[in-house]
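Each chain is listed here by its residues.
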Amino acid sequence: MKQGPLTDEELAWLDDVLMEYGNDDSILDVTELDGMLTALLSGPNMISPGCWLAVIWGGEEYAPHWKSKHEFTRFMDLIFQHMNDITARLCYNPEHFAPLFEFRTIDNEEYIIAEEWCFGYMRGVALDDWSALPEALTAELKIIALHGKEENFPLLEKMSADDIQQSIEKIPPAALRLHAHWLRQRRPVSEMPLQSPVPYAAPSKVGRNDPCPCGSGKKFKQCCLH
């Protein structure tokens, strides 16, 4: 397996695979995947791949029927290469830590879209027990949850575009502080309780991956959500 960051071509290939084999409850792009992996690497315990790999597909029953062994092997190799790259940045090169946020141009202005990454991060948080997070650091998690939970969308709707962009700029340092805290507290793998994969339950209202209600034919997250 190679080391270092994935190329744009490799990220695009992962995107295509996640979309091809995805469903309403799965992770559908590398942005959300990057967020989930970051949370898994930053939490109080090391979560086994058998647990979080199932979450990528929305549950064990939705695991892909791969076209070939090569496709499966390449997917796994790229996933773990990307995890190793995130780990290296979090632990040894925090100045180079850069979440895979999306960028969108509106009226010739470029905006950062952090929603998918933050939703992925909160999925990762849900796979572990973060209840012992000190009160002094709960504000850091709330910075990410602001963009990563649909219940907070009404708050975002009241914020100006500039305020939203400023809140997004706080996400990388918040993620680094959360990682640094849990790294000091983390238990060895041998002391971890066994965990079962927890499927992600899609919300009953219009979800980010549902067809947009405006009738454009696009997904809600790619159309009227923002």
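What this report covers is the structure whose coordinates are included nearby. The structure displayed is predicted, hence computed values, not measured ones.

Rules of the game
- As a convention, each chain's residues are numbered from 1 in the sequence order in which they are written.
- Where totals are concerned, whole chains, interfaces and linings use all residues; where local detail is concerned, this predicted model gives features only for residues with pLDDT of at least 70, and gives and counts side-chain atom pairs only at 80 or more.
- Here the side-chain values reflect all heavy atoms present in the structure, with hydrogen atoms and water set aside.
- Secondary structure counts use DSSP, requiring at least four H or I residues in a row for a helix and at least two E residues in a row for a strand, with both numbered from the N terminus.
- Remark: exposure states derive from per-residue accessible area (1.4 Å probe, protein chains only) relative to the maximum for the residue type, with buried under 20%, exposed over 50%, and partly exposed in between.
- Here the open area of atoms and residues is found with the Shrake-Rupley method and a 1.4 Å probe, where only the protein chains shown may cover a residue.
- In this analysis, strands are considered paired if DSSP registers two or more bridges between them.
- One speaks of a salt bridge when a side-chain nitrogen belonging to Lys or Arg is within 4 Å of a carboxyl oxygen belonging to Asp or Glu.
- When charges are counted, Lys and Arg are positive and Asp and Glu negative, with His and the chain ends excluded.
- In protein, a polar contact means a hydrogen-donor-capable atom and an acceptor-capable atom, both N or O and within 3.5 Å, with residues adjacent in sequence counting only if both atoms are side-chain atoms; elsewhere, any N or O pair within 3.5 Å suffices.
- Note on contacts: a residue pair is in contact if any heavy atoms of the two residues lie within 4.5 Å.
- Here the axes come from fitting lines to C-alpha atoms, over the contacting stretch only for helices, and the angles between their N-to-C directions go from 0 to 180 degrees.
- Helix crossings are classified by the rotation of the near helix relative to the far one: an anticlockwise turn of less than a right angle makes the crossing left-handed, while a clockwise turn makes it right-handed.
- Stacked, tilted and edge-to-face are the three classes assigned to paired rings of Phe, Tyr and Trp, where Trp is represented by its six-membered ring and a pair needs centres within 6.5 Å; plane angles under 30 degrees give stacked, over 60 edge-to-face, the rest tilted.
- When the NZ atom of lysine or the CZ atom of arginine is within 6 Å of a ring's centre and also within 35 degrees of its normal, the charge is said to sit over that ring.

## As for the overall build of the chain
Within the chain, the regular secondary structure consists of 9 helices and 2 strands. Counting helices and strands in the order they occur from the N terminus, the chain gives α-α-α-α-β-β-α-α-α-α-α. Split into buried and exposed, the 226 residues of the chain put 45% on the buried side. For the chain, the exposed area adds up to about 12000 Å²; of that, 54% sits on carbon and sulfur atoms.

## Notes on the pairing of strand β2 (residues 109–113)
As paired strands, strand β1 (residues 102–106) and β2 are joined by 5 bridges and run antiparallel to one another. When the sheet's bridge partners are listed, I106 is paired in β2 with E109. Turn length for the β1-β2 hairpin, with the two strands adjacent in sequence and antiparallel, is 2 residues, and the turn residue D107 shows positive phi of about 50°.

## A short note on the pattern of salt bridges
Following the criterion strictly, the structure yields 7 salt bridges and no others. A salt bridge links K67 to E71, with the nearest nitrogen and oxygen atoms 3.7 Å apart. Residue K67 is classed as exposed on the basis of its relative accessible area of 58%. According to the relative accessible area criterion, E71 is buried, its value standing at 9%. Connected via shared salt-bridge partners are E20, K67 and E71.

## Side note on the side chain of D34
With respect to the helices, strands and loops of the structure, D34 is situated in helix α2 (residues 30–42). Buried charge without a salt bridge: D34, with R89 as the nearest opposite-charge side chain at an N-O distance of 7.8 Å. Only 2.6 Å separates the side chain of D34 from the side chain of W117, close enough to count as a polar contact. Other than its neighbours up to four places away in sequence, D34 contacts H82, I86, P99, L100 and W117.

## Let's talk about the packing of α2 against helix α5 (residues 115–126)
Where α2 contacts α5, the axes come no closer than 6 Å and their chain directions differ by 35°. The two elements α2 and α5 meet at a crossing, and its hand is right-handed. Where α2 approaches α5, its residues T31, E32, D34, G35, M36, T38, A39, L40 and S42 are matched on the opposing element by E116, W117, F119, G120, Y121, R123, G124 and V125.

## Focus on the packing of aromatic side chains
Applying the stated criterion across every chain yields a total of 12 aromatic pairs. Consider the rings of Y121 and W130, whose centres lie 6.1 Å apart with planes at 70°: the pair is edge-to-face. The class for Y121 is buried, based on a relative accessible area of 0%. Relative accessible area serves as the criterion here: at 8%, W130 is assigned to the buried category. Feature note: the residues Y21, W57, W66, F72 and F75 constitute an aromatic cluster, connected by ring pairs. Across from the ring centre of W13, 4.4 Å away, lies the NZ or CZ of R74, which sits over that ring.

## Focus: the environment of Y111
Its location among the elements puts Y111 in strand β2. Residue Y111 is classed as partly exposed on the basis of its relative accessible area of 25%. When sequence neighbours within four positions are dropped, the list of residues in contact with Y111 reads E102, F103, R104, I106, A161 and Q165.

## Section: helix α3 (residues 49–56)
For α3, the tally of buried residues reaches 6 of 8 residues, placing the bulk of the element in the interior. Among the residues making up α3, those that are buried are C51, W52, L53, A54, V55 and I56. Residues of α3 that are buried sit in contact with α1 (8–20), α2, α4 (69–91) and α5. Looking one or two places after α3, you find G58, whose phi comes out positive at around 85°.

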